Amino acid sequence: MQYSADRTRNRVFGLGNPTLTDSAGTIALLAANLYVFCFGFSWGPVTWVLLGEMFNNRNCT
């Protein structure tokens, strides 16, 4: 029964053995790193600034 459930889940969700060619893998890695860098440079620090401004100084002890 477990084998049948695993096979169905793999068919529905497209799981299995995904592979990328060498150039596609390199491009995917560079794109993911570029996304993380751009997020950290633009919207990443906003959360920490907003948390610092949310409470007044009397509450920050």
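Here, every reference points to the structure presented above.
Before going into details, it helps to say that this report is about the structure given with it. Throughout, residues of each chain are indexed from 1 in the direction in which the sequence is written. With the structure being a predicted model, the display of local features is reserved for residues of pLDDT at least 70 and the display and counting of side-chain atom pairs for 80 or more, all residues being used for whole-chain, interface and lining totals. As a rule here, side-chain values come from all non-hydrogen atoms in the structure, and water together with hydrogens is ignored.

Let's shift gears to the overall build of the protein. Elements are defined by DSSP. Helices are runs of H or I of four residues or more, strands are runs of E of two residues or more, and each kind is numbered from the N terminus. Secondary structure summary: the protein contains three helices and zero strands in total. In the protein, the order of α-helices and β-strands from amino to carboxyl end is α-α-α. Counting every position in the protein, which comprises 61 residues, the buried fraction comes to 2%. Three labels apply to residues, based on accessible area from a 1.4 Å probe with only protein chains included: buried if under 20% of the type maximum, exposed if over 50%, partly exposed otherwise in between.

Turning our attention to the packing of aromatic side chains. Side-chain rings of Phe, Tyr and Trp, where Trp is taken by its six-membered ring, are said to pair if the distance between their centres is within 6.5 Å; with planes under 30 degrees apart they count as stacked, over 60 as edge-to-face, and otherwise as tilted. Tallying each qualifying case throughout the model produces one aromatic pair. Measuring from centroid to centroid gives 6.1 Å for Phe37 and Phe41, while their planes differ by 15°, and the two rings are stacked. Of this pair, Phe37 and Phe41 are both found in helix α2 (residues 22-41), four residues apart, which corresponds to roughly one turn of the helix. For Phe41, a relative accessible area of 69% corresponds to the exposed category.

The next thing to look at is a nonpolar patch on the surface. Nonpolar side chains (Val, Leu, Ile, Met, Phe, Trp, Tyr) within 5 Å and like charges within 9 Å form the patches, drawn only from residues with over 30% relative accessible area and no salt bridge. Method for areas: the Shrake-Rupley scheme with a 1.4 Å probe, in which residue coverage is limited to the protein chains shown. Think of a salt bridge as a Lys or Arg side-chain nitrogen and an Asp or Glu carboxyl oxygen that are within 4 Å of each other. Together, Tyr35, Val36, Phe39 and Trp43 line one region of the surface with nonpolar side chains, adding up to about 530 Å² of accessible area. Following the sequence through the fold, Phe39 ends up in helix α2.

None of this, on its own, says anything about what the molecule does.
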